[in-house]
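# Structural overview
Here is how the chains run, residue by residue.
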Amino acid sequence: MVSEEEVLHIATLADIGIGTGELPPFTRDFNAILDYFAVLDRVPAGEGWKSGIANVLREDEVTPSLPREEVLALSEAEDGYIRAPRVM
Amino acid sequence: MARGETAGDPLNAFITLAEIPPRGPGRLSGITVAVKDNISTRGVETTCGSRILSGYVPPYDAHVVDLIRNEGALIPGKTNMDEFGMGSSTENSGFGPARNPRDPERVTGGSSGGSAAAVASGMARMALGSDTGGSIRCPAAFCGIVGLKPTYGRVSRYGLVAYANSLEQIGPMAANVSDCSLLMEVISRYDPRDSTMKDRPYLPRLNGDIKGMRIGIPAEFFGKGVDPAVTDRVRKAIGVLEGLGAVSVECAMPSMEYALAAYYVTCTSEASSNLARFDGVRYGPSPDIRKPWHEAFQEMRMQHFGPEVRRRILIGTFALSAGYYGKYYGKAQVARQHVREDYARLFRDVDLLAGPTMPTVAWKIGAKSDPLSMYLADILTVPANLAGVPAVSVPCGSVEGLPVGLQLTGRPFEDEQVMNAAFAYEQAVKA
Amino acid sequence: MTAIRGQAQPAAGLKASGTESDTVIIGLEVHCQLNTESKLFCGCSTDYRNDPPNTHVCPTCLGLPGSLPSMNRRAVEYALRVAKALNCQVAEEAEFARKNYFYPDLPKGFQITMYNLPLAEGGYLDIEGEEGEKRVRITRIHLEEDPGRLVHMGTPDRPRYTLVDYNRSGIPLIEIVTEPDLRSPKEARRLLNGLRTTLEYLGVFDGDREGSLRVDANISIPGSERVEVKNISSYKGVEKALTYEMTRQRNVIRRGQKVERETRHFVEARGVTTSARSKEQEHDYRYFTEPDLRPLQVRGWVEGIVLPELPAARRDRFMAQYGISPDHARTLCGELRLAEFFEEMAPCGNPPLAATWVADTLQGELNYREMEIGKVPPAHFRELLDLLQRRELTDKAAVEVLRQMLDQCVAGETVETPAQIMEKNTLGKTAGDAFTPVVREVIAECGDAVRDYRAGKGEALNFLVGQVMKRTRGRADPKELTRILKEELARGGT
Ligand SMILES: [Zn+2]
């Protein structure tokens, strides 16, 4: 069983806001899903999945970047920079 | 909420109706191809069915969009979907549910529900969908059309907004196998920008000859939870294939026991990482610039992501977190390898596997309220994604007026064979 | 930026320098930008430094929905060169992983780096340690993408918001992690210099580019927990930051308090480290294999890599081939371009002279002007050495010529040849007698010194020689001058 506190912790880790009213239903669904995942305990031991393909590389060649106006038009820009909330 | 309903789109099949013109004459000239809204279209809003991307107008085209426009296709708009592909009904769209053309009170299936509805209702002749765990085949089955999930690595994902990178493929949807095959032929051109792609273009081979083909019938595809009426339709369809000279072989796929859990652990884990980029800084609705970073970020994700998306981000974050990685994510990758080995073993004996696409027919909108019961509906489609093998859903009659899909699965890079068997069936029942 | 880090304990069998009480244990994580043409996972140009923000971005390095990474072959090759030069074992299989954390400089909400399966492990680099030659073990080497660049608006007390430039986003970085084998801030700096030189010799790195190097250091002293100092971005900064941190930890212990295990930031401008403690959640990076990329199986490539002559080998060769001192050889080889410049000068016929003038004089003058050696016209400098060699210039006059030459370089003017400068300023070595009028002038003006000299104070003569040298701008040979001065003083003028 995962507690509401743990769900809250995961929500913080995931940076996903969670309202207090939402916590009980989220925790309930979360536990139901984890109960279902318990079937994985019955998976026979073995190697993890691998694609089997390696060394897919491109040559070091410059290709055109996006026009700056198109980049800045997507967001809140200031002097050519893109604005974000403070991190300090 | 439902943008489409006001614009001559009663099924809410489209999130954005916008004619994107062709770029040249080609094999798709004069053909309309609707594009799922998680496929990037330059100059036309691409929302993934999410409020967090409303207003996002990409500055670039997905590889498949380039390809279909160059072949002359006209794109009538961007189709409705479960938010980021997270759902099996298209009810989880941030822009209202899509409605099933056969019965508007029922779901289209998902997540490519808008694409299926657009094709089934004749609003588009073909459509592009994407399939992470059944998202092309499920709505194809529910709406009575053909949908192919190609072999992993056969269609470029460049421009497909990622939900679960290691599982998903873009694929074709159409009213019949020939159209579906033509669209697949166009979109399978190699693209070096997708490192997981192989240069193995699809070359259609629709001759309807399946004589001597060995078709495996895994018992698990007809087990608990599968509606007997659906089983009955599918058994009859297999009978048709036998009538065409195919040989059916009963077989078992033991990894089905944990395939669904492995699938959900994998897709939610990848999604929790993929969806971290939606912070509103570079595109999409902007966060509150006056607040500190984490606060602004959390607030905006809470506001703009729907509940199912947040639930899956939570599960995926948990499955990857310290102390749980081995129990969940690590284990799921082992399970995945077992699924792959099951297919490899079966395909040494048979050429195709046949079974139902979905355990039931389309349900009523709002009927499945708890998330787990919705997840369980994917049980028959996810194994193909876990193993990367091709699988098609082709209509095989109906139950109480609602379409049923026959799912045919083949060896990796034998999409042609899968499509040819679907074609053989389709032609046989048409005649 | 790796989670796997060296243990902050002295490696078994390693002799710690100094007494137990002042043993400091340091390990470094060094990030260097590789000088490829295009970014690590997209085709955007890496040549962004003189361009406005957000002009070198595309869907991939901007993290636009639906974009995909594709791996730059040259970046892998460069990293392998480094691995080979640092004597590392290249992994049979390496793979990229996602390191998940949220920050506005990270356009995807994760950084593509390497975690469980790094490119190479277990190498070493020899440096000049506190007690002679020292082998510093390399834990691992891996590739990763650089985040964007943040500009913080507002003041530290009243932060307002952040501005982001994604031009740097996706530049290939190589991360080199050392074992905690370093025993002083000076050793840390030497290791860093050694890495820089090695990477420059390999042609994969340009240490002069602003922001091309970033270092995180783990440091602990006995009785303290390990502290990670982040954000060091210069060679001098490493020594400064670690010296500061060492002192800080000692003071904390002296006051009877505990040095807590924490992350601190180096504030270059103030030369201090500050605690990065904040309300941010503890880190759980949730690493997993990057599903959009395939693994690397490149061990077989290593054999085909032909390494150029590396710093240590070149140092030995310089001593043997040119007969220059170990100190000069070390200085010259400590910087690729300096070594190459010297080799261009060496055929002048007197390599030790060239070594002195390149390693000591020229270096000093360049440092003073913050000028790069690349800007010095080699033909001009060779001419200067020729003039010195032929004794047409005194050392002092040669320095003057050199200064004028460099000043012209800095000003961006046409650089005159040493002969022209010499001519224009009449700096050529002149027979001492031509200076007799100046000598007389000095004797006339410096009555005090003359009296002192006559009173038997020998050092007064030096003062007078200095005065004449000054007025003749070093053109005269000091020995010659002394002779004339003595003669003139003996003549008994005022
Ligand atoms: Zn780019």
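Only a predicted model underlies this, so the values are computations on that prediction, with no experimental measurement involved. (Residues numbered from 1 in each chain as written. Chains lettered and ligands numbered in written order. Predicted model: local features only at pLDDT ≥ 70, side-chain atom pairs only at ≥ 80, totals over all residues. Heavy atoms only, no water.)

### Remarks on the overall build of chain A
To keep it simple, the criterion reads: By the criteria applied, helices consist of DSSP H or I runs no shorter than four residues and strands consist of E runs no shorter than two, each listed in order from the N terminus. As a reference, a globule follows 2.2 Å times the number of residues to the power 0.38, and the radius of gyration itself is taken over C-alpha atoms.
Looking only at helices and strands, one finds three helices and three strands in chain A. Across chain A, helices and strands are ordered from the amino to the carboxyl terminus as α-α-β-α-β-β. Relative to the compact-globule value of 12 Å for 88 residues, chain A shows a C-alpha radius of gyration of 23 Å, a clear excess of over 25%. Referenced to the eigenvectors of the C-alpha coordinate spread, the extents of chain A come out at roughly 50 × 45 × 25 Å.

### Re the interface of chain A and chain B
Inclusion rule: What makes two residues a contact is simply this: any of their non-hydrogen atoms within 4.5 Å. Once two parts are joined, some of their accessible surface, as seen by a 1.4 Å probe, is lost; buried area is that loss totalled over both. Any carboxyl oxygen of Asp or Glu within 4 Å of a side-chain nitrogen of Lys or Arg constitutes a salt bridge here. Within 3.5 Å is the distance limit for a polar contact, defined as a pair of N or O atoms, with the added protein rule that one can donate a hydrogen and the other accept it, and that residues adjacent in sequence qualify only through two side-chain atoms. Charged residues are taken to be Asp, Glu, Lys and Arg, nonpolar residues to be Ala, Val, Leu, Ile, Met, Phe, Trp, Tyr, Cys and Pro, and polar residues to be all remaining types, Gly included.
Taken together, the contact pairs 48 residues of chain A with 60 residues of chain B. Summed over both partners, the interface of chain A with chain B buries about 4800 Å², with 68% contributed by carbon and sulfur atoms. Taken together, the links from chain A to chain B amount to five salt bridges. Of the charged contacts in the structure, one is a salt bridge between Glu22(A) and Arg310(B), with a shortest N-O distance of 2.7 Å. At the boundary of chain A and chain B, one finds 14 residue pairs in polar contact (both at pLDDT 80 or more). For the side of chain A that touches chain B, the elements supplying multiple residues, two or more each, are helix H1 (4-13), helix H2 (23-37) and strand S3 (81-85) of chain A. Counting residues per element, the side of chain A that touches chain B draws most heavily on H2(A), at eight residues. Across the side of chain A that touches chain B, the residue classes tally to 29 nonpolar, seven polar and twelve charged.

### Let's talk about the coordination of the zinc ion
Residue and element names in this part refer to chain C. Definition in use: The donor definition counts N, O and S atoms within 2.8 Å of each metal and applies 3.2 Å to Na, K and Ca; water is not among these atoms, so some sites may look incomplete. Residue exposure (1.4 Å probe, protein chains only): buried if accessible area is under 20% of the type maximum, exposed if over 50%, otherwise partly exposed.
Bound to the zinc ion are the protein donor atoms Cys-42 (SG), Cys-44 (SG), Cys-58 (SG) and Cys-61 (SG), situated 2.3 to 2.4 Å from the metal. Read in sequence order, the donor residues coordinating the zinc ion give the pattern C-x1-C-x13-C-x2-C. Pair noted here: Cys-42 is in the loop between strand S1 (25-33) and strand S2 (71-72) and Cys-58 is in the loop between S1 and S2, with a separation of 16 residues, a long-range link. Assessed through its relative accessible area of 8%, Cys-58 is described here as buried.

### Focus: the sheet that holds strand S9 (residues 159-165) of chain C
What holds strands together in a sheet is hydrogen bonding between their backbones, with the strands either parallel or antiparallel. Put simply, the test is: At least two bridges found by DSSP between two strands is the condition for calling them paired.
Within the open sheet, the four strands sit side by side as S2(A)-S3(A)-S9(C)-S8(C). Their pairing is antiparallel. The strands lining the two open edges of the sheet, one partner per strand, are strand S2 (77-78) of chain A together with strand S8 (149-154) of chain C. Summarising the sheet, S8(C) and S9(C) pair through five bridges and their orientation is antiparallel. Each residue of the ladder has a partner; that of Val151(C), found in S9(C), is Leu163(C).

### Thoughts on helix H7 (residues 351-369) of chain C
Residue and element names in this part refer to chain C. Heads up, the rule is: Helix span, expected: 1.5 Å multiplied by one less than the number of residues in the helix. To get the bend at a residue, fit one axis to the 7 residues ending there and another to the 7 starting there, then take the angle between the axes.
The end-to-end C-alpha distance of H7, which contains 19 residues, comes to 25 Å, matching closely the 27 Å that a straight helix rising 1.5 Å per residue would cover. At Leu-362, H7 shows its maximal bend, which comes to roughly 35 degrees. Considered for burial, the residues of H7 that qualify are Pro-351, Ala-354, Ala-355, Trp-357, Val-358, Ala-359, Thr-361, Leu-362, Gln-363, Glu-365, Leu-366 and Arg-369. Among the residues trailing H7, Glu-370 stands out with phi positive, at a value near 50 degrees.

### A few points about the environment of Glu76(A)
Mapped onto the elements, Glu76(A) comes out in the loop between helix H3 (68-72) and S2. Look at Glu76(A) and you get partly exposed, because its relative accessible area is 41%. Once you skip the residues sitting within four places of it in the chain, Glu76(A) turns out to touch Tyr81(A), Ile82(A), Arg83(A) and Ser286(B).

### Things to note about the nonpolar core
Worth spelling out the cut-off: Among buried residues, those of type Ala, Val, Leu, Ile, Met, Phe, Trp, Tyr and Cys that are joined through side-chain atoms within 4.5 Å constitute a nonpolar core.
Ile68(B), Phe84(B), Leu128(B) and Leu406(B) are the most contacted members of the largest nonpolar core, which has 157 residues in total. When residues of this core are assigned to their parent elements, the largest contribution, eleven residues, is made by helix H6 (residues 256-274) of chain B.

### Regarding the interface of chain C and chain A
Taken together, the contact pairs 57 residues of chain C with 35 residues of chain A. Buried surface at the junction of chain C and chain A, summed over both partners, amounts to about 3800 Å²; 57% is from carbon and sulfur atoms. Looking only at chain C, the three residues that lose the most surface to chain A are Arg73(C), Leu163(C) and Arg294(C), adding up to 15% of its buried area. Where chain C meets chain A, there are four salt bridges. The partner of Asp60(A) in a salt bridge is Arg74(C), and the shortest N-O contact between them spans 2.6 Å.

### Concerning the pattern of salt bridges
Residues and elements named next belong to chain C. Taken as a whole and judged by the stated rule, the model has 74 salt bridges over all chains. Across the salt bridge formed by Asp-165 and Arg-149, the nearest N and O atoms sit 3.4 Å from each other. Residue Asp-165 is found in strand S9, and its partner Arg-149 is found in strand S8; the two are separated by 16 residues along the sequence. Taking the relative accessible area as the measure of exposure, Asp-165 reaches 5% and is therefore buried.

### Re the sheet that holds strand S4 (residues 96-100) of chain C
For clarity, the threshold we go by: Only the contacting stretch of a helix is used when fitting its axis, a line to C-alpha atoms as for every element, and angles between N-to-C directions run 0 to 180 degrees.
Strand order in this open sheet of three strands is S5-S4-S15 (chain C), and the pairing throughout is antiparallel. Only two strands of the sheet have a single partner each, and these edge strands are strand S5 (110-114) and strand S15 (288-289) of chain C. Across two bridges, S4(C) lies against S15(C) in antiparallel orientation. Bridging across to S15(C), Ala97(C) finds its partner in Thr289(C). Along the sheet, H6(B) makes contact with S4, S5 and S15 of chain C, crossing S4(C) at roughly 65 degrees.

### Digging into the pairing of strand S12 (residues 227-232) of chain C
Moving residue by residue along a regular strand, the side chains alternate between the two faces of the sheet. Residue and element names in this part refer to chain C. Counted only if it meets this: By definition, the crossover connecting two strands over a helix is right-handed if that path, from the first strand to the second, turns clockwise as seen with the strands pointing away from the viewer.
Burial analysis of S12 places five of its six residues in the buried class, which makes it a mostly covered element. Judged from the four bridges that link them, strand S11 (residues 213-220) and S12 form a sheet pairing that is antiparallel. Paired with Val-215 across the bridge in S12 is Ile-232. Joining the antiparallel neighbours S11 and S12 is a turn of six residues, in which Gly-223 adopts a positive phi near 85 degrees. Pairing of S12 with strand S13 (residues 262-267) involves four bridges; the strand directions are parallel. Bridge pairing links Val-229 to Arg-264 in S13. Handedness of the crossover joining S12 and S13 through helix H3 (residues 235-254): left-handed.

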